[in-house]
Amino acid sequence: KTFDQALGHEFTEAMRAAWTWLWDFMTKSMNQTLQARVQSSSLVMMSWDTAMESYTEMELGEMMYDAVMVVAPNLRDIFSRPRQVMAMKFFDMLSTIVTFADDEQRMEQQLLWQGIRHVQYGAKPHHAGILGKVLISVLENASGEEWTEETEKAWTELWDKSCTRMMVSIKDASQHSEIVKEMWNTMQKKSNAKHFGQLLLPSISRH
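Everything numeric in this text was worked out from a predicted model, so none of it was measured.

Chemist: Could you give me a rundown of helix 4 (residues 57-71), with the residues and numbers involved?
Modeler: Taking 1.5 Å per residue, 15 residues should reach 21 Å; helix 4 reaches 21 Å between its end C-alpha atoms and fits that length. Within helix 4, the full set of buried residues consists of Leu 60, Gly 61, Glu 62, Met 64, Tyr 65, Val 68 and Met 69.

Chemist: I'd love a proper account of helix 5 (residues 83-99), names of residues and values included.
Modeler: For helix 5, spanning 17 residues, the distance from its first C-alpha to its last is 24 Å, which sits close to the expected 24 Å at 1.5 Å a residue. All buried positions along helix 5 are accounted for by Met 86, Ala 87, Phe 90, Phe 91, Met 93, Leu 94, Thr 96, Ile 97 and Val 98.

Chemist: Which residues make up the nonpolar core, and what values do they have?
Modeler: Nonpolar side chains tend toward joint burial in soluble globular proteins. Ranked by size, the top nonpolar core spans 35 residues in total, and within it Val 68, Phe 79, Phe 90, Leu 94, Trp 155 and Trp 159 carry the most contacts. Listing elements by their share of this core, those giving two or more residues are helix 3 (43-54), helix 4, helix 5, helix 7 (127-143) and helix 8 (149-190). Considering each element in turn, this core owes the most residues, eight residues, to helix 7. With sequence-adjacent residues up to four places away left out, Val 68 is seen in contact with Pro 73, Leu 75, Phe 79, Phe 90, Leu 131, Val 134 and Leu 135.

Chemist: So what's going on with the side chain of Ser 47? Which residues, and what values?
Modeler: Following the sequence through the fold, Ser 47 ends up in helix 3. Only 2.9 Å separates the side chain of Ser 47 from the backbone oxygen of Val 44, close enough to count as a polar contact. When neighbours within four sequence positions are excluded, Ser 47 is seen to be in contact with Ser 143, Trp 147, Thr 151 and Trp 155.

Chemist: Account for the pattern of salt bridges, naming residues and giving values.
Modeler: Enumeration according to the criterion identifies two salt bridges in this entry. Of the charged contacts in the structure, one is a salt bridge between Glu 62 and Arg 83, with a shortest N-O distance of 3.3 Å. Taken together, the positions of Glu 62 in helix 4 and Arg 83 in helix 5 put the pair 21 residues apart, joining distant regions of the chain. In this structure Glu 62 comes out as buried when scored by relative accessible area, which is 16%. Residues joined in a network through salt bridges with shared partners are Glu 62, Asp 66 and Arg 83.

Chemist: Help me get a handle on the packing of helix 3 against helix 4, residues and values and all.
Modeler: When two helices pack together, their arrangement is given by the angle between the helix axes and by the axis-to-axis distance. Where helix 3 meets helix 4, the closest approach of the two axes is 8 Å, and the angle between their N-to-C directions is 105°. Comparing the axis directions of helix 3 and helix 4 gives the class roughly perpendicular. The residues of helix 4 that touch helix 3, namely those facing Trp 48, Ala 51, Met 52 and Ser 54, are Glu 57, Glu 59, Leu 60 and Met 64. In terms of residue class, the contact of helix 3 with helix 4 is made up of five nonpolar, one polar and two charged.

Here is what the cut-offs are and how they apply
- Think of each chain on its own: its residues are numbered from 1, step by step along the sequence as written.
- It should be noted that, the model being predicted, local features are given only for residues of pLDDT at least 70 and side-chain atom pairs only at 80 or more, the latter also being counted only at that level, while totals for whole chains, interfaces and linings use all residues.
- Hydrogens and water are ignored here; the side-chain numbers use all heavy atoms of the structure.
- Helix and strand definitions here come from DSSP, where helices need a minimum of 4 consecutive H or I residues and strands a minimum of 2 consecutive E residues; each element is numbered from the N-terminal end.
- Expected span of a helix, by definition, is 1.5 Å for each gap between consecutive residues, and there is one gap fewer than residues.
- Exposure is judged per residue with a 1.4 Å probe applied to protein chains only, and the accessible area is read against the type maximum: over 50% gives exposed, under 20% gives buried, and values in between give partly exposed.
- Nonpolar cores were defined as sets of buried Ala, Val, Leu, Ile, Met, Phe, Trp, Tyr and Cys residues, with membership established by side-chain atoms within 4.5 Å.
- Working rule for contacts: check all heavy atoms of both residues, and any pair within 4.5 Å makes them a contact.
- N or O atoms within 3.5 Å of each other form a polar contact, as long as, within protein, one can give a hydrogen and the other can take it, and as long as residues adjacent in sequence are counted only when both atoms are side-chain atoms.
- A side-chain nitrogen of Lys or Arg and a carboxyl oxygen of Asp or Glu constitute a salt bridge if their distance falls within 4 Å.
- Each axis is a line fitted through C-alpha atoms, and for a helix only the stretch in contact is used; angles between axes span 0 to 180 degrees, taken between their N-to-C directions.
- The scheme is simple: roughly parallel for angles under 35 degrees, roughly antiparallel for over 145, roughly perpendicular for 65 to 115, oblique for anything else.
- Three categories are distinguished: nonpolar for Ala, Val, Leu, Ile, Met, Phe, Trp, Tyr, Cys and Pro, charged for Asp, Glu, Lys and Arg, and polar for the others, with Gly belonging to the last.

Now the structure itself:
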């Protein structure tokens, strides 16, 4: 309604759909982040705990980053930030997947956020398969004798399921992001920050 008032006839149906999608995502993401808790006791969680007992977060992340750079050096342009920064991002990504492994709804929302961020990095769907094989190999080495065929199967299924969801969010984010940018640029030309805030405040207050 706020954009409708501010943009008038320039607020197209495509803009409405893009903004509705973005607002819905932000609302669900904030709610579920506040409610998040670890609920998993699966093979995935047990192997993760084993790895965490042997290595620090940074060490695991660096192992993942280094392995990816060896297997797929062409991804260096995407993972171009300093090694330690990327190492923690790899760790955080897997930690998120493990944390929400037993909660379908929260997992979907977290991966939606991951997918949107990866659009900015230039990630493509085919990168998921490369990363999955490498990261699972690193986890196998980190878990030692605790790693079994069943554990590998559980991780593979979790990764595949996670990537499928993430690829959907990447596709959606790519589709809507340009429309949202266009809408925001139009808004800035027609309204200043104070005026837009005055229009937006009643809508926020109702929620």
